[in-house]
2 protein chains.
Amino acid sequence: MPTRVARSKPASRPKADHGNSLRKAFYEIRELIVHGRLSPGSWIVEADLARHLSMSRTPVRSALHWLQREGYVTEHKNARKSRMIVTPLTKEDAGELYSIIGHVEGLAGRRTVALPKAARTEIATKLKSYNNQLREILSARDSRAAHIFDIDRSFHRTIIESGAGPRLLALHKSIEPQAERYWRLYASSIINDLHLSVSEHDEIIAAIVAGDADRVERGLQMNWENGCQRLAHVIDIFGERGSW
Amino acid sequence: MPTRVARSKPASRPKADHGNSLRKAFYEIRELIVHGRLSPGSWIVEADLARHLSMSRTPVRSALHWLQREGYVTEHKNARKSRMIVTPLTKEDAGELYSIIGHVEGLAGRRTVALPKAARTEIATKLKSYNNQLREILSARDSRAAHIFDIDRSFHRTIIESGAGPRLLALHKSIEPQAERYWRLYASSIINDLHLSVSEHDEIIAAIVAGDADRVERGLQMNWENGCQRLAHVIDIFGERGSW
DNA sequence: CTATACAGAATTGTCTACAATTGTGTATAC
DNA sequence: GTATACACAATTGTAGACAATTCTGTATAG
C-alpha cells in the first residue's frame, strides 16, 4: 500500500473558503486551547488540526503563528525546526502575565483619568454597574463561571478602551485573553475569593472619580497582583498543568 | 484541458532552502523597513518581496505575519482581504510606543532592583561603562548614528535582561526594535539632544545602586518620556512619514 | 463632460505536492 | 542485556498552481 495516495479523482479541488479559513482556524484553535481541549504542554501537529478543521495546513500554519504571537503556543526550539507546543500553565508564567496585565491596565487607567470629568463620571457609572452585577451574583450564590468571567472582563475592558491608544489597546487585547486560560482552569477556586476582587474594584472606581491617576494605577496593579497571589495559592494546591 | 497542469519539466524544483527561508525573509524585510528602503505607509506586495528575496510567497507570507505581530506592518483592513502596508511613522504612534517601552522597562527595572546588592553593583558597572562610551562619543563629536544607537540599546538591554522574566523579555524584544525606525529617520536631530539622555542615564544608575525601585522605574519612564518629547519636536519640524 | 458598467489585470487566500529533517523502532553486534 | 546503526515513519518547510476577490482603466450611455 503506497504511503502517498493516488488521487482517485484528479478534479475537484475543494472550494477554498476564501478569506475565512485563517480567521476560523485562529479562533477555533484558540478556543480549543483556552477551553483546555488541547492540554497545556501537549504537542501540536499541523496536519491533525487541519484535518480537524477540514482545511489545508496553510491557514492552520498561519493561525499557529498568530497564536504564537499571542503566547498560546510556544516554539519548542530545537535546531531550526519549529515544533510547537501548547504553552504550559505555570505559576511563574501566571505571575509574569498578571504583572504585565496589571501594568498595562495601570497605564491605560492613568490616561483614563486624564479625560474630562463628565466622561469619567460616565465611565464610573458603567463600572459600578458591572461591579454591582458581580456583587449580586455573589450574594445569590450563582456561580456560573463563564458569566462571572465575562462581567469581570467587561469591567476591565471599559477602563482599557477609554484610556488606551490603538497600540496599547492591541497589546492588551493580545495579552489579556491569556488570563482566561488560568481563569477557566481554576475557576471554582477563584470564585471563592471573588469578593476580594470586588472590593478592589470599588477602590479603583473611587480613584477614577477622584481623578487621582496614581491611585488608579496602583489600584489596577494591586487588583492583578492580588489576583495573581490568590491564583498562585490555588496552583500550589492543584498543581501546574503542562510543565513536566 | 486538464485543470491540473502537467508541468513541462517534471524535474528540478528549486532546492527549498529548508528551514532558513522564513528567518531570512523576516530579517531581510525588517531590515528593509527599518532602514526605510520600504517607506512608511507604502504598500506591500507579497509576490514582489518573494521575487526580491528569491523564494516563494509562502515564507514571505509567514514573515509578514511575524512583522505584523511586531508592528512593522499593518493590516489595512478592508473587507476580508488583508492588504498590508508598512506601518506609518506618526507623532502619535511614537508617543504611545515610547510610553509603552518606558513602562515595560520600568517594570523590568523594578525587578532588577530586587536582585542582591552584588549583582546590582555589577550591573551598575556595566551601565556606567556604556554611558561613558556615549559621553566620549559626544565630546569627540563622533556622530556615527548607528554606533550611538547600539550603545544606547545595550544600556537599556542590560537592565531588561537582568530584570525581566521570559514573558516580559519577549514583549520588550518585540516592541523596542520599533523605536529604531524613529531613531534612524530622525537620528541626526536626536543626537543633538543626546547629552540630556546621558544625564538621565546617570540618574537611573544611581537609583539602581541605591536600590530604590520607584526611583528606577520613574527614571526609566522619564528617559523614554523625555525622549519622546524630543522626538515629537523633531517630527513637528520635519513632518511625519507615511501618514496621508 | 460625467457617471456607470464591464472587462481584464493585479493581488491575496488556499490547496496539494514535494523536499528535507528529525525521531523512533528494530535488528544486529558485542 | 545493552548499545549502535540503519531504515522508515512522522512531521515540518517551501514551492508553485489555482480560486476568488478587489482594483483599474476604458468604453459607452446619458
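Residues numbered from 1 in each chain as written. Chains lettered and ligands numbered in written order. Predicted model: local features only at pLDDT ≥ 70, side-chain atom pairs only at ≥ 80, totals over all residues.

Chemist: Describe the overall build of chain A, and please don't skip the residues or the numbers.
Modeler: Per the secondary structure count, chain A includes eleven helices and two strands. Going residue by residue from the N terminus, the α and β elements of chain A occur as α-α-α-β-β-α-α-α-α-α-α-α-α. Counting across all 244 residues of chain A, residues that qualify as buried make up 36%. Across chain A, contacts joining residues at least 24 apart in sequence account for 77% of those joining residues at least 6 apart. (Helix = DSSP H or I, 4+ residues; strand = E, 2+ residues; numbered from the N terminus. Buried ≥ 20, exposed ≤ 12 C-beta atoms within 10 Å, placed from the backbone. Contact = placed C-beta atoms within 7 Å.)

Chemist: For unusual backbone geometry, give the residues involved together with the corresponding values.
Modeler: All names here are of chain A. Of note, the phi angle at serine 54 is positive, near 45 degrees, even though the residue is not glycine. Tracing the sequence through the fold places serine 54 in the loop between helix H2 (46-52) and helix H3 (57-70). When the 10 C-beta atoms within 10 Å are taken as the criterion, serine 54 is described as exposed.

Chemist: Lay out the relation of the copies chain B and chain A in plain terms, naming residues and giving numbers.
Modeler: After a rotation of 180 degrees and a shift along the axis of 0.1 Å, chain B superposes on chain A with an RMSD of 0.1 Å. Considering both components of the superposition, the chain copies are consistent with a two-fold axis. Comparing interface residues between copies, 86% of those in chain B also lie at the interface in chain A; the contact surface is shared. (Least-squares fit on C-alpha atoms with pLDDT ≥ 70 in both.)

Chemist: Lay out helix H10 (residues 194-210) of chain A in plain terms, naming residues and giving numbers.
Modeler: All names here are of chain A. Look at H10: 25 Å from first C-alpha to last across 17 residues, which is about the 24 Å you get at 1.5 Å a residue. The complete set of buried residues in H10 reads His201, Ile204, Ile205, Ala207 and Ile208. The buried residues of H10 all sit within an arc of 160 degrees when viewed along its axis, so they share a single face. Looking at the buried side of H10, the elements it contacts are helix H4 (91-113), helix H5 (117-139), helix H6 (145-163) and helix H11 (213-238). Positive backbone phi, approximately 75 degrees, marks glycine 211, located one or two places after H10. (Expected span 1.5 Å × (residues − 1). Arc of directions from axis to C-beta.)

Chemist: Let's hear about helix H5 (residues 117-139) of chain B: which residues, and what values?
Modeler: Residue and element names in this part refer to chain B. An ideal rise of 1.5 Å per residue puts 33 Å on 23 residues; H5 measures up with 32 Å between its terminal C-alpha atoms. Residues Ile123, Leu127, Tyr130 and Asn131 constitute the buried set of H5. Along its buried surface, H5 packs onto helix H4 (91-113), helix H6 (145-163) and helix H10 (194-210). Just past H5, the residue arginine 141 takes up positive phi, approximately 55 degrees.

Chemist: Residue-level account of the nonpolar core, with values.
Modeler: Counting residues in each nonpolar core, the largest one holds 74 residues, and the members touching the most others are Tyr182(A), Leu231(A), Tyr182(B) and Leu231(B). Excluding residues that lie within four positions of it along the chain, Tyr182(A) makes contacts with Leu89(A), Ala94(A) and Leu231(A). (Core = buried A, V, L, I, M, F, W, Y, C linked by C-beta atoms within 7 Å.)

Chemist: Could you give an account of the confidence of the model for chain A, naming the residues involved and the relevant values?
Modeler: Per-residue pLDDT for chain A averages 87, and the proportion of residues at 70 or more is 91%. Predicted confidence is poor over residues 1-11 of chain A, with pLDDT under 50, and the contacts of this stretch with residues over four places away or in other chains come to three contacts. (pLDDT = per-residue confidence, 0-100.)

Chemist: Summarise the domain arrangement of chain A; cite the residues concerned and give the values.
Modeler: Residues and elements named next belong to chain A. Per the domain assignment, the segments of chain A are domain 1 (19-86) and domain 2 (91-238). On a C-alpha basis, the centres of domain 1 and domain 2 stand 28 Å from each other. Of the residues in the side of domain 1 that touches domain 2, the class split is two nonpolar, three polar and one charged. (Domains from an automatic or database assignment. Nonpolar A, V, L, I, M, F, W, Y, C, P; charged D, E, K, R; others polar.)

Chemist: Which residues make up the packing of H4(B) against helix H11 (residues 213-238) of chain B, and what values do they have?
Modeler: All names here are of chain B. Following both chains from N to C, one finds H4 and H11 inclined at 160 degrees, their axes separated by 8 Å at the closest point. One way to sum up the angle between H4 and H11 is to call them roughly antiparallel. Remark: the crossing between H4 and H11 carries right-handed chirality. Class assignment for the residues of the contact of H4 with H11 results in twelve nonpolar, eight polar and five charged. (Axes fitted to C-alpha atoms, helices over the stretch in contact; angles between N-to-C directions. Parallel < 35°, antiparallel > 145°, perpendicular 65-115°, else oblique. Left-handed = near helix turned anticlockwise from the far one by under 90°.)

Chemist: Summarise the packing of H4(A) against H6(A); cite the residues concerned and give the values.
Modeler: For any two helices packed against each other, the geometry is given by the interaxial angle and the distance between the axes. All names here are of chain A. Axis separation between H4 and H6 bottoms out at 8 Å; the angle between their running directions is 60 degrees. Accordingly, the angle class assigned to the pair H4 and H6 is oblique. In this structure, H4 meets H6 at a crossing whose hand is left-handed. Facing H4, whose interface residues are Glu105, Ala108, Gly109, Arg111 and Thr112, H6 presents His156, Ile159, Ile160, Ser162 and Gly163.

Chemist: Describe the environment of Lys117(A), listing the residues and the values that go with them.
Modeler: Tracing the backbone shows Lys117(A) in helix H5. Between the alpha carbons of Lys117(A) and Val209(A) there is a distance of 7.9 Å; along the sequence they are 92 residues apart.

Chemist: Go over the environment of Lys81(B), please, and point to the residues and values.
Modeler: Tracing the backbone through its elements, the reader meets Lys81(B) in the loop between strand S1 (73-75) and strand S2 (84-86). For the pair formed by Lys81(B) and Val60(B), sequence separation is 21 residues and the distance between their alpha carbons is 17 Å.

Chemist: Describe the environment of Glu161(B), and please don't skip the residues or the numbers.
Modeler: Its place among the elements puts Glu161(B) in helix H6. C-alpha separation for the pair Glu161(B) and Ala108(B), spaced 53 residues apart in sequence, amounts to 8.1 Å.

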